[in-house]
Amino acid sequence: MKKVLTAVVGLALSLVLVACGTSQNSSKSSSTADSELVDKGTLTIGLEGTFQPYSYHDNGKLTGFEVELGRDIAKKLNLKPKFVETKWDSLIAGLDVDKYDLVLNNVAITPERQAKYAFTSTYIAGKTELAVSKDNKSIKTLKDVKGKKLAQSVTSNNAADAKRLGADIVPVDGFAQAVALIDQGRADGTLNDTASFYAYLKQQPNANIRLISAGNNIKAQPIAGIMTKKDTKLKAKINSAIKSLKADGTLKKLSVRFFGADVTEK
């Protein structure tokens, strides 16, 4: 009877020790994940807050594609989202001083940025399209822009691609001016990313432009979140959250809501 009692007591003690070990390991794992956050229990996200439909204010409330994406990512990670609005000139640099954990601000993946920072999984495909007026009969494919006038910001990648395709550049300050020149007949077209065109057409459904896909003639510039390279565990968790949001259709729904079409894959 004594041997049986001893065995029972021993088994109970071993179960208690295993439970304590599990609890300690779980706590250690949680604390390791939290250690990479600027504020414990919070996912701090940097953005401009002035760039519709990515992040902007609607009746005083911060919203937009990347704002809602940030909220959904934080929810997947069981964290509270916190948004820090910062001007573009110093936005990415804020990562260097731990101002936030993540920047969601229509940031394209480039070799220069990859050399210093880490990128999350992509959430916008970043493909390019050509816009021409609806009554333009001379441009049917991207190859037809040779010798034509394309309205582009002179220092942009789009301008470089336009020159490579043999087009003449009409300098503009930005997207709105480029579209205006097409409407006025002062430019034959303009190159830009699909998301920008879809966002514009959602606001201006009767605009006098039609889109021509660049296909594989122009390399896509995918959009992703940008982080410091040291936050490897947090990056893995965010990537997992983005993958889950793609799989369950949330990412596509957000895209249709803010862009009027799916810009996540096409």
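Above this text sits the structure in question.
It should be emphasised that the depicted structure is a prediction, and the values quoted were computed from it without experimental measurement. (Residues numbered from 1 in each chain as written. Predicted model: local features only at pLDDT ≥ 70, side-chain atom pairs only at ≥ 80, totals over all residues. Heavy atoms only, no water.)

(A) Spatial organisation of the overall build of the chain. The helix and strand tally for the chain stands at 9 helices and 12 strands. Within the chain, contacts between residues at least 6 apart in sequence are counted, and of these 67% link residues at least 24 apart. Surface accessibility of the chain: about 14500 Å² in total, with carbon and sulfur atoms responsible for 52%. (Helix = DSSP H or I, 4+ residues; strand = E, 2+ residues; numbered from the N terminus. Contact = heavy atoms within 4.5 Å. Areas by Shrake-Rupley, 256 points an atom, 1.4 Å probe, with all protein chains shown as cover.)

(B) View of the packing of aromatic side chains. This model, assessed by the stated rule, comprises 6 aromatic pairs. Within the aromatic cluster, the residues linked to one another by ring pairs are Phe51, Tyr54, Phe65, Tyr123 and Phe259. (Phe/Tyr/Trp six-rings, centres within 6.5 Å; stacked < 30°, edge-to-face > 60°.)

(C) Up close: the pairing of strand S8 (residues 149-152). Alignment of S8 against strand S9 (residues 168-171), held across 4 bridges, turns out to be parallel. The residue of S9 that forms the bridge with Ala151 is Val170. Handedness of the S8-helix H5 (residues 157-164)-S9 crossover: right-handed. (Pairing = 2+ DSSP bridges. Right-handed = clockwise from strand over helix to strand, strands pointing away.)

(D) Spatial organisation of the side chain of Asp101. Summarising the element assignment, Asp101 is placed in the loop between helix H3 (88-91) and strand S5 (102-103). Lys230 is the oppositely charged side chain nearest to the buried, salt-bridge-free Asp101, at an N-O distance of 7.3 Å. Within polar-contact distance, the side chain of Asp101 engages the backbone nitrogen of Val38 at 2.7 Å. A polar atom in the side chain of Asp101 sits 2.8 Å from the backbone nitrogen of Thr44. (Buried < 20%, exposed > 50% of the residue type's maximum accessible area, 1.4 Å probe, protein only. Lys, Arg positive; Asp, Glu negative; His and termini not counted. Salt bridge = Lys/Arg side-chain N within 4 Å of Asp/Glu carboxyl O. Polar contact = N/O pair within 3.5 Å; in protein donor to acceptor, adjacent residues only side chain to side chain.)

(E) Main features of the nonpolar core. The biggest cluster of nonpolar side chains holds 36 residues, and the ones touching the most others in it are Leu43, Phe65, Ile73, Tyr123, Ile124, Ile238 and Phe259. Every element with two or more residues in this core is listed here: strand S1 (42-47), helix H2 (65-76), strand S6 (118-124), helix H7 (194-203), strand S12 (223-227), helix H8 (232-247) and helix H9 (250-259). Here Tyr123 is in contact with Phe65, Glu66, Leu69, Leu104, Asn105, Asn106, Ile223, Ala224, Gly225, Leu251 and Thr264, once residues within four sequence places are set aside. The next biggest cluster of nonpolar side chains, apart from the first, holds 13 residues, and it includes Val132, Val145, Leu191 and Ile212. (Core = buried A, V, L, I, M, F, W, Y, C linked by side-chain atoms within 4.5 Å.)

(F) Broad picture of the environment of Leu37. Locating Leu37 in the fold gives a position in the loop between helix H1 (2-34) and S1. Along the sequence, Leu37 and Tyr100 sit 63 residues apart, while their C-alpha atoms lie 8.2 Å from each other. In contact with Leu37, other than residues within four places in its own chain, are Thr42, Leu43, Leu79, Asp101 and Leu234.

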